[in-house]
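These are the residues of each chain, in order.
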Amino acid sequence: MKDSVQREINSHLEQLGISKKINLLPIADHLDFEGDFCFIVNTIAPKNPKQEGERLSKEIAALNSISDASIAVNDTGKNPIVYLNLKLSDEIKKQHYTDLIKSTCDNLADPKFGEVEDNVGKIAIVEHTSANPISPIHVGNLRNSIQGDTFARMLEKTGYRVFRHYLVNDGGLQIGFTVIGYQMLKEKGVKPAIKFDRWLGQVYAIMNLFYNSQRIKTKFMDKELDRDVYRISSEDLEKITEILESQRSQIELEMKVIEKQIAQTKDKKSLKNLKRELAKKKRDITKVVEESKEVVKYYDTSSDLSNRFPDMYHLLHESVKNIDLLQMTADYLYRYEKGEEKEIIDLFREMANWTLESFKWTLRRYGIVFDSFDFETDVTWSNLAEELLVRLSDTEECLIEGKAVRFRYEPKLMKAFMRDLGLKKSDLKIRGNIPDLQLSRSDGTSLYVMKDLAYTIQKFERRKADVVYNVVGEEQALAQFQLLPLLYKLGYHDYAKNLHHYGYEKVNLVGRTMSGRLARYVTSDQFYEESYVRARMAKRASEEARGESSPQSDEEYLEEEKILRAVTLATTRFPLIESSPNKRIHLDLDRELDMKRNSGPFVLYAHARANGILKKIQLKGKADFSILWNNQEVIQMVRHMATYEETLRRAVSEMDPSKLTDWIFKLAQLFMKFYEKNPIMKENDKGAKQAKLHLVLATKNALAKTMETIGIPVTERI
RNA sequence: GGGCACAUGGUGUAGUGGAAGCAUGGUGGCCUUCGGAGCCAUAGACCGGGGUUCGAAUCCCUGUGUGCCCA
């Protein structure tokens, strides 16, 4: 409709001797002006828009398809902006909207609604969650899981076959000392009396304390500290603080000397050197300050953990006394990485697998499952990282110092990279200077990035994937980006082009601090359970208000269980995807768990209402859509409905599920308004009644399908 | 030192160069209900300074604040 009117106006303007073309803009619903489209007169007459607008309004009002044309002036800026508002003739509108309502109803009521087939036959991998398997998945991790899972579901709706991968970090330092704690408890016959991940979270926190206490204390060994290296006593704290304090004043003295020199020096070169030195001293001071903060931190941690988990603390303390934990951790990690001793491998894998079982259980309740858990050590054992390192070492971008290899992102490389991949500068995530990347240590062992690179290539090859999305925190943006030119340099142009970093910002919990070190966090299990309980309270309260009885029979309980699960998923999943991923979330549990303030349950409620209508009134007989052509609520709804495919595509290409949640929420909202203003039962005209019912059916189906797409089941009742 | 984000009513957010939306809270209404977890009305906002443009919340430069990454 818009196109044909636009063509008509443009050709008329040409007859009037105006060669510039205009673009019609829709008039926003919130404006109370009665009209359909407008264009801005300034585009064709920037100098005298008011006069020209008045002249044109008469000319254009005479056109067949236009029933009215009038100008509106916005005078708030430097220059007035003149809008020419157009009202289309009723016949044209009636024809157009009748068709639109009918086709939209048909489209949305289709059982296959929600699917666009852009990527049929293609394969996508979404790697998400990948939390360290040493403590429970907390609410901070959960944003990753839910973003990743929702995005995977959206990719499926565009036709992709999607595989969900979890990268298991099973060889890091933290795993090293945790595994030792695990082994010691196992030898003593201790069995977890709580869910394994929570139990291991405590083991991790305590072993982390011991490890760091030893690390800190051995550094100050000659200073007559308490014999027990796994305990920082208050005397230790005092002594160490004193030492660090004197270090600090020493550096400050040195800084003053340099500052004096700077004041006296005029030579540019030595001035530059002095300033650099000064900056270095400043960094040294920050280091010392951080060190002393760390000592205090572990001193506090020690009393906190021994008070909260006295039994485990003492058991582990007794065991750890007999060993050198720093040494043993390094030893265990080395042996595991080598992958030759069955006993060590079994120990590490057993602990990881138990934790992953806990994670599976947790995430399953949120509707999240994985196709594959990929262990980092498997990548190590494949030796691909070493091969890649050798291949990269030969390139001109690599700077080799002994056995250490450094990769430099030179302008020449980046130009070739963009040219061969067909990228513009604005496509790059990092547009400024890219710092060098260390690929291997001075002893020749490859660094983490090489494993990451190897793993990326394995992902593409194993699944023959067309595209890979890594759901990883935004703080990793640089590291993720640095992989791309490496892939390019190795000749994997397609992989470099189709590896995407799906970034997201952190979650803060209002009023609670989360700390793995202290084994203090709101776990995803707690979040789910608290939501569930609140959902039940809300449901019981509303039943009471309506004078209904709570469930009596088994069937009724099962039915209620289904509803509560849907509501719980709505209250937990919705808030974590409803704002764009690059916004930090300050999650306020009281707010999110309050049904009235959370958009998720609102959508469920809208769906249940639509369902209620369809249960009461039969969909039967001929529908007359033409009666609804000037029904404001209907037109708003239908216009919104028609934007679904565009919205899904944008949500996928911009890696932002909130585009879709926004669409769903708006649809529910528009439906509620329609529902209030258009009583269906009391509708006298049979054709109109059926047409409205069709609209209700379309809404119900669209809500159900799109909620499914974001991982939330809907129910008939709520 | 370099880089990546973010900044919009009290609070949380949408916004694709074209008339600043939504939610929540505030205030005032609406239940002889196709399920009130709802609807209606109302007040309330683009971090500062430049630039590009007929027109900037949006693009460019710059400053400030917040979070983070690299060295």
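Just above sits the structure.
Residues numbered from 1 in each chain as written. Chains lettered and ligands numbered in written order. Predicted model: local features only at pLDDT ≥ 70, side-chain atom pairs only at ≥ 80, totals over all residues. Heavy atoms only, no water.

A.B. asks: What is the right way to look at the overall build of chain A in this model?
C.D. replies: When helices and strands are counted, chain A shows 25 helices and 14 strands. When the backbone C-alpha atoms are referred to their principal axes, chain A occupies close to 95 × 80 × 50 Å. Put simply, chain A has 718 residues, and 50% of those count as buried. Taking contacts inside chain A between residues at least 6 apart in sequence as the whole, the part at least 24 apart equals 76%. In the structure as shown, chain A presents an accessible area of about 36300 Å², 48% of it carried by carbon and sulfur atoms. (Helix = DSSP H or I, 4+ residues; strand = E, 2+ residues; numbered from the N terminus. Buried < 20%, exposed > 50% of the residue type's maximum accessible area, 1.4 Å probe, protein only. Contact = heavy atoms within 4.5 Å. Areas by Shrake-Rupley, 256 points an atom, 1.4 Å probe, with all protein chains shown as cover.)

A.B. asks: What am I meant to see in the protein's contact with RNA strand B here?
C.D. replies: Taken together, 55 residues form the shell around RNA strand B, and within it Asn 85, Arg 546, Lys 583, Tyr 605 and Arg 609 come nearest. Backbone sugar and phosphate groups make up 67% of those atoms of RNA strand B lying within 4 Å of the protein. One nitrogen or oxygen atom from the side chain of Asn 42 is found 3.3 Å from a base oxygen belonging to RNA strand B. Between RNA strand B and Ile 680, the relevant distance is 3.2 Å, taken from a base nitrogen to a main-chain nitrogen or oxygen of the residue. Listed by contribution, the elements that provide at least two residues to the surface near RNA strand B are β2 (37-40), β3 (66-74), β4 (81-88), α21 (599-616) and α24 (658-677). At seven residues, α24 tops the list of elements feeding residues into the surface near RNA strand B. (Near = heavy atom within 4 Å. Polar contact = N/O pair within 3.5 Å; in protein donor to acceptor, adjacent residues only side chain to side chain.)

A.B. asks: Got a minute to help me understand the packing of aromatic side chains in this structure?
C.D. replies: One pass over the full model with this rule turns up 25 aromatic pairs. Ring centres 4.8 Å apart and planes at 75° place the aromatic pair Phe 151 and Tyr 469 in the edge-to-face group. In this pair, Phe 151 is assigned in helix α4 (residues 139-157) and Tyr 469 in strand β11 (residues 467-473), connecting sequence segments 318 residues apart. A single burial state applies to Phe 151 and to Tyr 469, both of which are buried. Taken together, the ring pairs in this structure connect Tyr 182, Phe 196, Trp 199 and Trp 354 into an aromatic cluster. For Arg 349, the ring lying beneath its charged end belongs to Phe 375, and the centroid distance is 4.2 Å. Lying across the ring of Phe 163, Arg 463 places its NZ or CZ 4.0 Å from the centre. (Phe/Tyr/Trp six-rings, centres within 6.5 Å; stacked < 30°, edge-to-face > 60°. Lys NZ or Arg CZ within 6 Å of the ring centre and 35° of its normal.)

A.B. asks: Which parts of the structure should I look at to understand the pattern of salt bridges?
C.D. replies: Pairs may arise between side chains of opposite charge once their charged atoms sit close together. In this structure the tally under the stated criterion is 57 salt bridges. For Lys 321, the salt bridge is made with Glu 318, and the minimal N-O distance between the two is 3.8 Å. On the accessibility criterion, Glu 318 (46% relative accessible area) is partly exposed. Three or more residues joined by partner-sharing salt bridges are found here, namely Asp 149, Arg 153, Glu 156, Arg 164 and Arg 573. (Salt bridge = Lys/Arg side-chain N within 4 Å of Asp/Glu carboxyl O.)

A.B. asks: Help me out: how do you make sense of the sheet that holds β2 in this one?
C.D. replies: Strand pairing in a sheet is mediated by backbone hydrogen bonds. Such pairs are either parallel or antiparallel. Here we have four strands laid out as an open sheet, ordered β1-β2-β4-β3, and antiparallel in their pairing. Looking along the sheet, the strands with just one partner apiece sit at the ends: β1 (25-26) and β3. Alignment of β3 against β4, held across eight bridges, turns out to be antiparallel. Paired with Val 73 across the bridge in β4 is Val 82. Contacts from helix α2 (residues 49-61) reach β2, β3 and β4 within the one sheet, and its direction differs from that of β3 by about 170°. (Pairing = 2+ DSSP bridges. Axes fitted to C-alpha atoms, helices over the stretch in contact; angles between N-to-C directions.)

A.B. asks: How do you make sense of the sheet that holds strand β9 (residues 404-407) when you look at a structure like this?
C.D. replies: Taken in spatial order, the three strands of this open sheet run β8-β9-β10, and their pairing is antiparallel. Only two strands of the sheet have a single neighbouring strand rather than two, namely β8 (398-401) and β10 (437-440). Strand-to-strand, the axes of this sheet are offset by a mean angle of 30°, without reference to chain direction. The pairing of β8 with β9 spans four bridges and is antiparallel. Of the residues in β9, the one forming a bridge with Cys 398 is Phe 407.

Interpretation note: all reported values are geometric properties and have no functional meaning in isolation.
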